[in-house]
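# Summary of the model geometry
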Amino acid sequence: MLRTLAIAGYRSLRELIVPLGQLNVITGANGSGKSSVYRSLHLLAETARGGVITSLAREGGLQSTLWAGPER
Ligand SMILES: Nc1ncnc2c1ncn2[C@@H]1O[C@H](COP(=O)(O)OP(=O)(O)OP(=O)(O)O)[C@@H](O)[C@H]1O
Ligand SMILES: [Mg+2]
């Protein structure tokens, strides 16, 4: 079981550390980063399967997945 999720510099997530339980529910306002958390987990799973290059390309390339600074 995954016990902690740590994400840094991925899309809008600058630094996030979340202790995980058996069931985890993510809620938040629009644009708060829920999908970014989901996508980071997907990318992690793809990495474990050896498909990170294809997965990054599907996401729009490495550059689009890096934190790009605050929205203006
Ligand atoms: N590379 C990046 N750098 C910085 N911010 C980014 C990057 N990519 C996406 N974002 C921003 O991250 C924010 C969070 O988006 P996300 O889609 O994860 O939110 P959400 O909680 O799923 O919203 P919704 O409820 O509308 O689905 C958006 O404002 C988006 O513009
Ligand atoms: Mg979303």
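Refer to the structure presented above.
Below: a short report on this structure.

The residue Ser36 is located in helix H1 (residues 34–49) in this model. Residue Ser36 is classed as buried on the basis of its relative accessible area of 11%. With residues near it in sequence (within four places) discarded, Ser36 still touches Tyr10, Arg11, Ser12 and Leu13.

When its volume is computed, the largest pocket comes out at roughly 250 Å³. For the largest pocket, the lining is made up of 15 residues, of which Leu5, Val18, Leu20, Ile26 and Val37 are closest to its centre. Where the lining of the largest pocket is concerned, the elements lending two or more residues are strand S2 (13–19) and H1. Grouping the amino acids of the lining of the largest pocket by side-chain chemistry returns 10 nonpolar, four polar and one charged.

What follows is about the pairing of S2. Successive residues of a regular strand alternate their side chains across the two faces of the sheet. Summarising the sheet, strand S1 (residues 4–10) and S2 pair through six bridges and their orientation is antiparallel. Paired with Thr4 across the two strands is Pro19, which belongs to S2. The turn linking S1 back onto S2 is made up of two residues, and Arg11 within it adopts a positive phi angle of 50°.

Turning our eyes to something else, we now look at the site of ligand 1. Around ligand 1, the surrounding shell holds 16 residues, and the nearest of these are Gly31, Lys34, Leu66, Ala68 and Glu71. Between ligand 1 and the protein, one listed contact pairs an oxygen atom with a side-chain N or O atom of Lys34 at 2.7 Å. Ser64 is positioned with one of its backbone polar atoms (N or O) 3.2 Å from a nitrogen atom of ligand 1. Here the shell around ligand 1 is composed, by residue class, of four nonpolar, nine polar and three charged.

Moving on, we get to the pattern of salt bridges. Taken as a whole, this structure holds three salt bridges when the rule is applied. Here Glu59 ties to Arg11 by a salt bridge, and the two come within 2.7 Å at their closest N and O atoms. In this pair, Glu59 sits in the loop between helix H2 (52–58) and helix H3 (62–65) while Arg11 sits in the loop between S1 and S2, placing the two residues 48 residues apart along the sequence. Here Glu59 ties to Arg39 by a salt bridge, and the two come within 3.5 Å at their closest N and O atoms. Pair noted here: Glu59 is in the loop between H2 and H3 and Arg39 is in helix H1, with a separation of 20 residues, a long-range link. Several salt bridges converge on common partners, so that one network encompasses Arg11, Arg39 and Glu59.

Calculation criteria
- Residues numbered from 1 in each chain as written.
- Chains lettered and ligands numbered in written order.
- Predicted model: local features only at pLDDT ≥ 70, side-chain atom pairs only at ≥ 80, totals over all residues.
- Heavy atoms only, no water.
- Helix = DSSP H or I, 4+ residues; strand = E, 2+ residues; numbered from the N terminus.
- Buried < 20%, exposed > 50% of the residue type's maximum accessible area, 1.4 Å probe, protein only.
- Contact = heavy atoms within 4.5 Å.
- 1 Å grid on protein atoms, 1.4 Å probe; cavity = no way out; pocket = protein on both sides within 12 Å on 5 of 7 lines; lining within 4 Å.
- Points joined across faces, edges and corners; volume = space filled by probe spheres on them.
- Nonpolar A, V, L, I, M, F, W, Y, C, P; charged D, E, K, R; others polar.
- Pairing = 2+ DSSP bridges.
- Near = heavy atom within 4 Å.
- Polar contact = N/O pair within 3.5 Å; in protein donor to acceptor, adjacent residues only side chain to side chain.
- Salt bridge = Lys/Arg side-chain N within 4 Å of Asp/Glu carboxyl O.

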